[in-house]
Amino acid sequence: MTEEIYRRWTAPFRSHPAAAVALRGLNKALTLLCYVGYPLLLGLVFFRWPLGLFLRAILVPGISFAAVSVFRSKLSAPRPYEVLNIDPLIHKDTRGKSFPSRHVFSVFVIAATWLYFYPAAGIGFLIAGVLLAIVRVLGGVHFPRDVLAGAFLGLLSGWIGMWLIP
């Protein structure tokens with residue numbers, strides 16, 4: 001992503017301030033969806049599934065999140081607003097820690113966990129993940145590679161943890 005591409009992608013939001021406000025609101029709403037949706041899933045699994053699967057539903061996202069957090073803090077890739085001359089639509093003070101996107105990773109690993117237990121809801125979370133990835137790039141807080149890596153790693157760790165490990 002270059003400065004010119006970012007400006008082109010965000011021009012409609014800059015010419016309509018209400019659209020920029022909506023983008024920031026969508027960022028918060030989709031993030032909140034995970035904060036609410038994941039504990040809801042854990043409650044459903046606790047009461048309807050065997051204890052071993054409940055523990056798996058906790059451990060797979062938890063261990064994966066910790067691993068991604070350590071990796072990205074060690075790598076500490078810069079954010080678009082640090083390397084490009086842009087005014088991001090989503091304002092953050094964070095330096096580095098852009099790759100991979102932890103927001104997008106979280107939605108996708110949670111989506112994979114939902115898919116294991118309740119596929120229809122999992123599909124809804126996948127859609128939310130795609131929307132959040134778009135919002136984070138348009139917001140200027142992540143490069144496309146950051147959100148693509150977050151989505152891939154979230155799905156991969158969820159798939160390995162929920163389906164491949166016995």
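Residues numbered from 1 in each chain as written. Predicted model: local features only at pLDDT ≥ 70, side-chain atom pairs only at ≥ 80, totals over all residues. Heavy atoms only, no water.

Undergrad: What is the right way to read a nonpolar patch on the surface from this model?
TA: A surface patch of nonpolar side chains, amounting to about 750 Å² of accessible area, comprises Phe46, Phe47, Leu51, Leu55, Ile58, Leu59 and Ile63. For the nonpolar patch, the secondary-structure elements that each account for two or more residues are helix H2 (17-48) and helix H3 (51-75). Take the nonpolar patch: its biggest share by element is five residues, from H3. Here Phe46 shows up in helix H2. (Patch = residues over 30% accessible without salt bridge, like charges linked within 9 Å, V, L, I, M, F, W, Y side chains within 5 Å. Areas by Shrake-Rupley, 256 points an atom, 1.4 Å probe, with all protein chains shown as cover. Salt bridge = Lys/Arg side-chain N within 4 Å of Asp/Glu carboxyl O. Helix = DSSP H or I, 4+ residues; strand = E, 2+ residues; numbered from the N terminus.)

Undergrad: Explanation requested: the packing of H2 against H3 in the structure shown.
TA: Any two packed helices are characterised by how steeply their axes cross, that is the angle between the axes, and by the distance between the axes. Where H2 contacts H3, the axes come no closer than 8 Å and their chain directions differ by 155 degrees. Considered as vectors, H2 and H3 are oriented roughly antiparallel to each other. Our pair here, H2 against H3, has a crossing hand that is right-handed. Here Tyr38, Leu42, Val45 and Phe46 of H2 lie close against H3, whose contacting residues are Leu53, Phe54, Ala57, Ile58 and Pro61. Taken together, the residues that form the contact of H2 with H3 break down as nine nonpolar, no polar and no charged. (Axes fitted to C-alpha atoms, helices over the stretch in contact; angles between N-to-C directions. Parallel < 35°, antiparallel > 145°, perpendicular 65-115°, else oblique. Left-handed = near helix turned anticlockwise from the far one by under 90°. Contact = heavy atoms within 4.5 Å. Nonpolar A, V, L, I, M, F, W, Y, C, P; charged D, E, K, R; others polar.)

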